[in-house]
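# Remarks on the overall topology
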Amino acid sequence: MRSFEEDLSRAITFHGHLCGGQITGVRMARYALKYFGIEDPDHYRDLIVYVECDRCLTDAIMVVTGCHPGKRRMKCLDFGKQAATFFDLNRNEAIRLVNVSEKCPKGEDTKAWFAARSDEDLFSVQKVAVNYTDLDAPGKPHSHVICAVCGEEVTDGREVKTGCGKAICRSCAGQAYYEVLQP
């Protein structure tokens, strides 16, 4: 297993700077890897991470665990929380870590401030069950449907069934994150 300094260096290189979120993410990911006994995260394929923010912490967790959204081993859920659930498929076990520490005061040495705190000072840890099905699994899509409204493809059960049984995409069902502008 890499050292904390190696993981932090990799995270900083990927993310572009050192910040509290990077250290928190590295510590969080290392905690989970140690909990599950994963010594070589670059080659372990049975870990899935659900991150609950779209901030610095996510980049650090991705780099340390080797879990990426494109491989379907990282699920990015923007709940605005510095939290992540680590799900080991091999053990069918999951833990959720939440950052519960105060922020490093301005002007303090960030690395030293974090080094003075234990994992117990930084995180709340809970054993959790994850709502996981084969449609969430890494690998090729398990299902494909065409939205009855817009004609776009929807994979892996992400469609919504209408009252009359038609499959439509979440956007056409009123769950879009965007609004189409007319020219």
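Higher on the page you've got the structure.
### Things to note about the overall build of the protein chain
In terms of regular secondary structure, the protein chain is built from six helices and nine strands. In terms of overall dimensions, the protein chain has C-alpha extents of about 60 × 45 × 25 Å along its principal axes. Each of the 183 residues in the protein chain was classed as buried or not, and the buried ones make up 37%. Considering only contacts within the protein chain whose residues lie at least 6 apart along the sequence, 59% involve residues at least 24 apart. Averaged over its 24 positive side-chain charges, the protein chain has a centre that lies 2 Å from the centre of its 26 negative ones.

### Considering the side chain of Thr65
Mapped onto the elements of the fold, Thr65 is located in helix α3 (residues 56-65). Reaching out from Thr65, the side chain makes a polar contact with the backbone oxygen of Ile61 at a distance of 2.7 Å. At 3.1 Å, the side chain of Thr65 and the backbone nitrogen of Cys67 are in polar contact.

### Looking at the sheet that holds strand β3 (residues 83-88)
With respect to topology, five strands assemble into an open sheet ordered β2-β1-β3-β4-β5, the strand pairing being mixed. The open sheet has two free edges, formed respectively by β2 (74-76) and β5 (123-128), since each of these has just one partner strand. Strand-to-strand twist in this sheet, taken as the mean axis angle between neighbours without regard to direction, amounts to 15°. Where strand β4 (residues 93-99) meets β5, six bridges bridge the pair, whose relative direction is antiparallel. Within the sheet, the bridge partner assigned to Leu97 lies in β5 and is Val125. Those strands touched by helix α2 (residues 20-36) are β1 (47-51), β3, β4 and β5, and its axis lies near 155° from that of β4. On top of the sheet, α3 reaches β1, β2 and β3; it is set at about 175° to β1, its chief contact.

Cut-offs applied
- Residues numbered from 1 in each chain as written.
- Predicted model: local features only at pLDDT ≥ 70, side-chain atom pairs only at ≥ 80, totals over all residues.
- Heavy atoms only, no water.
- Helix = DSSP H or I, 4+ residues; strand = E, 2+ residues; numbered from the N terminus.
- Buried < 20%, exposed > 50% of the residue type's maximum accessible area, 1.4 Å probe, protein only.
- Contact = heavy atoms within 4.5 Å.
- Lys, Arg positive; Asp, Glu negative; His and termini not counted.
- Charge placed at Lys NZ, Arg CZ, Asp CG, Glu CD.
- Polar contact = N/O pair within 3.5 Å; in protein donor to acceptor, adjacent residues only side chain to side chain.
- Pairing = 2+ DSSP bridges.
- Axes fitted to C-alpha atoms, helices over the stretch in contact; angles between N-to-C directions.

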